[in-house]
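# Observations on chain architecture
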Amino acid sequence: RDARRADHYAIVSDDTWFTGPAITDVAEFLDADESLAAVGPRQVDGRGRITAGGFFGSPPKDRLFHQQAVDLDVSTDATRLAGSVIVWRASTWRQLASCPGNPVDAHGALAPTVHYWGESWACAHALAHGWRLGFVGSVTVGHEWHASSPVGGWGERHLAADRDTVARLCAAHDPPVPL
């Protein structure tokens, strides 16, 4: 299908798995609220611990990280989404990707980072443009934290530089994007 006509773009990490129609369920939640740019599900690892419980507040904090999985709410006021699984409204993705404040070397709406923080830019950028972010705690996907990039590995060696890249993008945007 022509990506320019798609309704949704799903960003999915290689250390994620599905046991049901999670992407469809998340996309339906996104479609039900025109104010949402993107939505993410609750994520649980193979040992039943939460690896993404929704990011809320300022600065964004991941609720219940590595705690035993519990039922979580549905919200339209998330402040970030976990980059391992996000479903984006395609029109919003294209709007952010073509924004004059988005760098020319960006990966669509994602920041041109080495490994981490690309989705943090996209989420903060969407909020700055008046969009909202949703979290669907009633939908669960599997995600093994750090399975695609081991603790202390290649991705983490670039963590500070990736964070700095996103901070520079936020500061350079007109108007500046709160991170």
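The structure we're discussing is the one just above.
Looking now at the pairing of strand 3 (residues 36–44). In terms of burial, strand 3 is a largely internal element, nine of the nine residues being buried. Looking at chain direction, strand 3 and strand 9 (residues 132–143) are connected through eight bridges and run parallel. The residue bridging proline 41 from the neighbouring strand is valine 136, located in strand 9. Across two bridges, the pairing between strand 3 and strand 8 (residues 85–89) is antiparallel. When the sheet's bridge partners are listed, valine 39 is paired in strand 8 with valine 87. Taken together, the two bridges between strand 3 and strand 4 (residues 50–52) define a ladder with antiparallel strand orientation. When the sheet's bridge partners are listed, glutamine 43 is paired in strand 4 with alanine 52. Hairpin connection between strand 3 and strand 4: a loop of five residues separates the two successive antiparallel strands, and glycine 48 in this loop has a positive phi of roughly 80 degrees.

Quick look at a negative patch on the surface now. On the surface, Asp7, Asp25, Glu28, Asp31 and Glu34 cluster together into a patch of negative charge. Relative to the assigned elements, aspartate 7 resides in the segment before strand 1 (8–12).

One pass over the structure, following the stated rule, counts four aromatic pairs. Arranged with centres 6.0 Å apart and planes meeting at 85 degrees, the rings of tyrosine 9 and tryptophan 93 form a pair that is edge-to-face. Within this pair, whereas tyrosine 9 is found in strand 1, its partner tryptophan 93 is found in helix 2 (residues 90–98), the two being separated by 84 residues in sequence. As far as the burial class goes, tyrosine 9 and tryptophan 93 line up, both buried. For the ring pair phenylalanine 56 and phenylalanine 135, a centre distance of 6.3 Å and an interplane angle of 85 degrees mean the geometry is edge-to-face. With a gap of 79 residues between them, phenylalanine 56 in strand 5 (residues 55–56) and phenylalanine 135 in strand 9 connect regions that are remote in the sequence. Pairwise contacts between aromatic rings join Tyr9, Trp88 and Trp93 into one cluster.

Moving on, we come to unusual backbone geometry. A cis amide bond links serine 58 to the next residue, proline 59, at an omega of 0 degrees. By the element assignment, proline 59 lies in the loop between strand 5 and strand 6 (61–62). For the peptide bond that leads from aspartate 174 to proline 175, omega is 0 degrees, which places it in the cis range. Of note in the backbone geometry, leucine 64 takes a positive phi value of approximately 60 degrees without being a glycine. We note that histidine 66 has phi near 60 degrees; this positive angle belongs to a residue other than glycine. With respect to the helices, strands and loops of the structure, histidine 66 is situated in the loop between strand 6 and strand 7 (74–78).

Attention now moves to the pattern of salt bridges. One pass over the full model with this rule turns up three salt bridges. Between aspartate 73 and arginine 63 there is a salt bridge whose closest N-O contact spans 3.0 Å. Of this pair, aspartate 73 sits in the loop between strand 6 and strand 7 while arginine 63 sits in the loop between strand 6 and strand 7, and the two are ten residues apart along the sequence. Residue aspartate 73 is classed as partly exposed on the basis of its relative accessible area, which comes to 39%. What makes arginine 63 partly exposed here is its relative accessible area of 25%.

Reading the values: the criteria
- Residues numbered from 1 in each chain as written.
- Predicted model: local features only at pLDDT ≥ 70, side-chain atom pairs only at ≥ 80, totals over all residues.
- Heavy atoms only, no water.
- Buried < 20%, exposed > 50% of the residue type's maximum accessible area, 1.4 Å probe, protein only.
- Helix = DSSP H or I, 4+ residues; strand = E, 2+ residues; numbered from the N terminus.
- Pairing = 2+ DSSP bridges.
- Patch = residues over 30% accessible without salt bridge, like charges linked within 9 Å, V, L, I, M, F, W, Y side chains within 5 Å.
- Areas by Shrake-Rupley, 256 points an atom, 1.4 Å probe, with all protein chains shown as cover.
- Salt bridge = Lys/Arg side-chain N within 4 Å of Asp/Glu carboxyl O.
- Lys, Arg positive; Asp, Glu negative; His and termini not counted.
- Charge placed at Lys NZ, Arg CZ, Asp CG, Glu CD.
- Phe/Tyr/Trp six-rings, centres within 6.5 Å; stacked < 30°, edge-to-face > 60°.

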